[in-house]
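Per-entry structural report
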Amino acid sequence: MRNIVTGNWKSNKLWNDAEKLMDDVATGILESQHTDVFVAPPTPYLAALQAQSTDLIGLAGQQCSAHLEGAFTGEHTASMLKSVGVKAVLIGHSERRGGFGENDSVVEVKIHHALDAGLLAIVCCGENLEERDAGQHFEKVLTQLSHAFQNVDTSKMIHVVVAYEPIWAIGTGRTASAARAQEMHAAIRKHLVELFDAPTAESTRILYGGSCKPSNALEIFMQPDVNGGLIGGASLNALDFLAIVAASNEAASKEQQGG
Ligand code: PGA
């Protein structure tokens, strides 16, 4: 299966720098045989950056509204994203869950809006440090996913990607070890078998996020249940992001050769 690498720029970069970063990334990706690449810039830039997106690099939204349309000042909907050429959207990022009331019910609604709009839904999950230290990390993550997917039809899962992002690793420089990432990714895949079925679990891409950088990307992506990454800080530097995309291509190509 093809990996996915998505750069999440969060609330960084003013327009001139954003345009240059997109240009540097788009011109730097000459081919990406085994990886679908997306960048998620700040929302005001999406329509304009569409001109620089190519078959090799698509745009993603950092979130979408839980509403469909109407009197919701400041919100942008999944279909609005779709209408300006966006292909994917992040849902349930821990910074949205923690700071903007995006709880499990809201996440569930947003997934349906994204799928109905024809977007790839990149659904984020992850435990905080307290939960990890208390040994509750599996329960936390699997419960988040049970909620998120409780009403998603199996046939729609082809348009869903899971991103496991331990909160204690986001922006901290503290990465989950490859073994820890693999352990959680395997548990997520097993859970998807229970929620859906084995073929669906096998074909769902599960990304790792949290201080992923050129120096650790290959080792993480080589894990059997890791199918790419959601990249924050390192996606703000074109060379670092391109190196991570290259690591993903290398890992996926080795995996194909191996099996
Ligand atoms: P980070 O962020 O790579 O800066 O840790 C990842 C994310 O929040 O998606």
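Reference entry: report on the structure contained in this document. Remember, it's a predicted structure, so these values are computed and weren't measured experimentally. (Residues numbered from 1 in each chain as written. Predicted model: local features only at pLDDT ≥ 70, side-chain atom pairs only at ≥ 80, totals over all residues. Heavy atoms only, no water.)

What to know about the overall build of the protein chain
Across its full length, the protein chain holds 11 helices and eight strands. On C-alpha atoms alone, the protein chain measures out to a radius of gyration of 17 Å, which is about the 18 Å that the 2.2 N^0.38 rule sets for 259 residues. Expressed along its principal axes, the backbone C-alpha trace of the protein chain runs to roughly 45 × 45 × 35 Å. In the protein chain, which comprises 259 residues, the share counted as buried stands at 53%. Only carbon and sulfur atoms are counted for the fraction: they give 52% of the accessible area of the protein chain, which is about 11,200 Å². (Helix = DSSP H or I, 4+ residues; strand = E, 2+ residues; numbered from the N terminus. Rg over C-alpha atoms; globule rule 2.2 N^0.38 Å. Buried < 20%, exposed > 50% of the residue type's maximum accessible area, 1.4 Å probe, protein only. Areas by Shrake-Rupley, 256 points an atom, 1.4 Å probe, with all protein chains shown as cover.)

Concerning the pairing of strand β2 (residues 35–40)
Of all six residues that make up β2, five are buried, and the element is covered over most of its length. As defined by bridge partners, strand β1 (residues 3–8) adjoins β2 across six bridges and the pair is classed as parallel. In the sheet register, V5 faces β2, and the bridge partner there is V37. In this fold, β1 hands off to helix α1 (residues 15–28), which returns the chain to β2; that crossover is right-handed. (Pairing = 2+ DSSP bridges. Right-handed = clockwise from strand over helix to strand, strands pointing away.)

Considerations on the site of the ligand
Neighbouring residues of the ligand: 13 residues in total, closest K10, H93, E165, G171 and S211. The contact in question runs from an oxygen atom of the ligand to an N or O atom on the backbone of G233, over 2.8 Å. In terms of residue class, the shell around the ligand is made up of four nonpolar, seven polar and two charged. (Near = heavy atom within 4 Å. Polar contact = N/O pair within 3.5 Å; in protein donor to acceptor, adjacent residues only side chain to side chain. Nonpolar A, V, L, I, M, F, W, Y, C, P; charged D, E, K, R; others polar.)

As for the packing of aromatic side chains
Evaluated as defined, the whole model comprises three aromatic pairs. Positioned above the aromatic ring of F100, the side-chain terminus of R96 is 4.2 Å from the ring centre. (Phe/Tyr/Trp six-rings, centres within 6.5 Å; stacked < 30°, edge-to-face > 60°. Lys NZ or Arg CZ within 6 Å of the ring centre and 35° of its normal.)

A closer look at the sheet that holds strand β7 (residues 206–209)
Strand order around the closed barrel formed by eight strands is β1-β2-β3-β4-β5-β6-β7-β8, with parallel pairing between neighbours. On average, each strand axis in the sheet is inclined to that of its neighbour by 30 degrees, with strand direction left out of account. Contacts from helix α5 (residues 104–117) reach β4 (88–91), β5 (120–125) and β6 (160–164) within the one sheet, and its direction differs from that of β4 by about 175 degrees. Sitting on the sheet, helix α7 (residues 137–149) is in contact with β5 and β6, with an inclination near 150 degrees to β5. (Axes fitted to C-alpha atoms, helices over the stretch in contact; angles between N-to-C directions. Contact = heavy atoms within 4.5 Å.)

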